[in-house]
Amino acid sequence: MKAGIYLGKEAVEIRELELPEVGDDDVLVQNLYSSICGTDVAVFTHGPNTGHKIDVGGEFGHETVSRVVKTGRNVTEFLPGERVYPYPRYAKNDTRRAGTIGGFSEYILIPQAKRDHSLYAVDDAISDRLASLIEPFTVGCRAARRGMIPAGERRYVSGQNAVVFGCGTIGIAAAVAFKHFGMEKVMVCDHSDFRLKLAEGLGFETCNSAKEDFASHAEAYFGNAHSITGNTANIDCWLDAAGAETILTDFLRFGKIESRFVSVAVNNAPRTIDLLHMTYAQQSIIGSGGYLPEDVGDVQEIMRCGRWDLESIITHEFSLCDLEKAIRTAADVDHAGNVVIKMTEK
């Protein structure tokens, strides 16, 4: 099989590897489409330990949709030909491999495969291309869920407002999930006009915060509410899918009373927070990392419902032999949205 191998900063290659041997409890899947994650771009651009942990000389990629091609003699839950989503946390029975399951390889061995654990069935209504975005959409869905107020079993308070910073796949996924869960108004902010047009095409209010005054735009769209320093935009939840230092600062400064902040971006730098201000403002800061099994079901429901043309955020498609070009394209936020690899020739 052909496999994309990570060699370090700005270095990948396609190698020929032996097909994995399928044990009695294992499943071999063939990848159909794989998506390029921001963490793949990060380790390619900046080197090891700047995104997911990826070993130099190893397979990588983790956003993929696959087809079962071979099952071990003890496997009864899966049949050849079935379309599946390899769940990165458990696909290799090792959570440390979540970023390196082999999404850029033609085949992946799923050891001791279990349904709704390491492999999930993919709804027939979802195209192969769109299904390759299930993983980043589960990250965005989890972040949006963390920003909602529960109102019973799998239900949330509706009619509130949210702003999402970052218009990559996860940011758009969070915005869509917010609407799916019952947010009334959702705005998406970014510095890339190209990516903002993708969000606009899905029906979202957008703001280029590098060119516009965010505070005035937000007040005009959301209306007014009270903060402890005066009037502000009526935003109940701020979600950071970008990681810029100013976003949390602005939330603490401009966030309305009882507003909440969800961090899903990778923020490595230590931050100082004025807890007294936050206490009097009754604000909340919430972390969101990864996803849980319930997010897989919700994302498939979102993808098959037809409310949004989600495949429109995929702006480029490459073959596996052009993996390096694909990663470089995905890094160009002013000219690319989501970038996918077609893993099969058929």
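See above for the structure.
Chains are numbered independently. Their residues run from 1 in the order of the written sequence. Whole-chain, interface and lining totals are the exception, using all residues; otherwise, since this is a predicted model, local features are given only for residues with pLDDT of at least 70 and side-chain atom pairs are given and counted only at 80 or more. Hydrogens are left out, water is left out, and the side-chain values use all remaining heavy atoms of the structure.

Enquirer: Lay out the overall build of the chain with the relevant residues and their values.
Expert: Per the convention used, a helix needs a DSSP run of H or I reaching at least four residues, while a strand needs a run of E reaching at least two, with both numbered from the N terminus. What the chain contains, in helices and strands, is 10 helices and 18 strands. C-alpha atoms define the radius of gyration in this analysis, and the globule rule sets the expected value at 2.2 Å times the number of residues to the power 0.38. Its C-alpha atoms give the chain a radius of gyration of 21 Å, near enough to 20 Å, the size a compact globule of 346 residues would have. Projected onto its principal axes, the C-alpha positions of the chain cover 65 × 45 × 35 Å. Throughout this description, buried means an accessible area under 20% of the type-specific maximum (1.4 Å probe, protein chains only), exposed means over 50%, and partly exposed covers the range between. In the chain, which comprises 346 residues, the share counted as buried stands at 52%. Any pair of residues with heavy atoms lying within 4.5 Å of one another is described as a contacting pair. At a minimum sequence separation of 6, the contacts of the chain that also span at least 24 residues come to 68%.

Enquirer: Describe the side chain of Arg195, with residues and values.
Expert: Along the chain, Arg195 turns up in helix α5 (residues 193–201). Asp and Glu are treated as the negative residues and Lys and Arg as the positive ones, with His and the ends of the chain left uncounted. The rule for a salt bridge is simple: a side-chain nitrogen of Lys or Arg has to be within 4 Å of a carboxyl oxygen of Asp or Glu. The buried charged residue Arg195 lacks any salt bridge partner; its closest oppositely charged side chain belongs to Asp190, at an N-O distance of 5.8 Å.

Enquirer: So what's going on with the pairing of strand β16 (residues 284–287)? Which residues, and what values?
Expert: Two strands are counted as paired when DSSP detects at least two bridges linking them. With four bridges connecting them, strand β15 (residues 260–263) and β16 associate as parallel partners. In the sheet register, Val262 faces β16, and the bridge partner there is Ile286. A crossover gets the label right-handed when its path from the first strand over the helix to the second runs clockwise, viewed with the strands pointing away from the viewer. As for the winding sense of the linkage, the β-α-β connection from β15 through helix α8 (residues 275–281) to β16 is right-handed.

Enquirer: Please provide a residue-by-residue account of the sheet that holds β16, values included.
Expert: In a beta sheet, neighbouring strands are held together by backbone hydrogen bonds and run either parallel or antiparallel to one another. Within the open sheet, the six strands sit side by side as β11-β10-β9-β14-β15-β16. Their pairing is parallel. Unpaired on one side and paired on the other, β11 (205–208) and β16 mark the two borders of the sheet. Across the sheet, the mean angle separating the axes of adjacent strands is 20° when strand polarity is ignored. In this analysis an axis means a line fitted to C-alpha atoms, helices contributing only their contacting stretch, and an angle means the value between N-to-C directions, from 0 to 180 degrees. The strands touched by helix α3 (residues 134–147) within the sheet are β14 (237–240), β15 and β16, with β15 carrying the most contacts at an inclination of about 160°. With respect to the sheet, helix α6 (residues 214–222) is in contact with β9 (161–165), β10 (185–190), β11 and β14, its orientation differing from that of β10 by roughly 160°.

Enquirer: Talk me through the packing of α3 against helix α4 (residues 169–181); I want residue IDs and the actual numbers.
Expert: Helix-helix packing: each pair is described by the crossing angle between the helix axes and the interaxial distance. Relative to each other, α3 and α4 sit at 50°, their axes nearing to 7 Å. Relative to α4, α3 is oriented oblique. In this structure, α3 crosses over α4, and the sense of that crossing is right-handed. Packed against α3, whose contacting residues are Pro136, Phe137, Val139, Gly140, Cys141, Ala144, Arg145 and Gly147, the element α4 presents Thr169, Ile170, Ala173, Ala174, Ala177, Phe178 and Phe181 at the interface. Roughly parallel means an angle under 35 degrees; roughly antiparallel, over 145; roughly perpendicular, 65 to 115; everything else is oblique. Crossings are classed by handedness, with left-handed meaning an anticlockwise turn of the near helix from the far one by less than a right angle and right-handed meaning a clockwise turn.

Enquirer: If you had to explain the pattern of salt bridges to someone new, which residues and values would you point to?
Expert: Here the structure, examined in full by the defined rule, presents 20 salt bridges. As a salt-bridge pair, Arg154 and Glu294 come within 3.2 Å of each other at their nearest N and O atoms. With Arg154 in the loop between α3 and β9 and Glu294 in helix α9 (residues 293–304), this pair connects stretches of sequence that are 140 residues apart. On the accessibility criterion, Glu294 (31% relative accessible area) is partly exposed. Accessibility expressed as a relative area gives 45% for Arg154, which makes it partly exposed. Through salt bridges with shared partners, a single ionic network connects Arg142, Arg145, Arg154, Glu294, Asp295 and Asp298.

Enquirer: I'd like to hear about the sheet that holds strand β4 (residues 58–59), residue by residue, with values.
Expert: Spatially, three strands are ordered β2-β1-β4 in an open sheet, and the strand pairing comes out antiparallel. Bordering the open sheet on either side are β2 (11–16) and β4, each of which pairs with just one other strand.

Enquirer: Pulling in residues and values, what's your account of a nonpolar patch on the surface?
Expert: By definition, no residue in a patch forms a salt bridge, and every one has over 30% relative accessible area; like charges are joined within 9 Å, nonpolar side chains (Val, Leu, Ile, Met, Phe, Trp, Tyr) within 5 Å. All accessibility values rest on the Shrake-Rupley procedure with a 1.4 Å probe; residue burial counts only the protein chains present in the view. A contiguous nonpolar patch, built from Ile228, Ile257, Leu276 and Tyr280 and spanning about 400 Å² of accessible area, is present on the exposed surface. Note on placement: Leu276 falls in helix α8. Exposure remark for Leu276: the relative accessible area of 53% places this residue in the exposed category.

Enquirer: Outline the environment of Val164, listing residues and values.
Expert: Its place among the elements puts Val164 in strand β9. Between the alpha carbons of Val164 and Leu276 there is a distance of 25 Å; along the sequence they are 112 residues apart. When sequence neighbours within four positions are dropped, the list of residues in contact with Val164 reads Gly171, Ala175, Phe178, Val186, Met187, Val188, Cys189 and Leu239.

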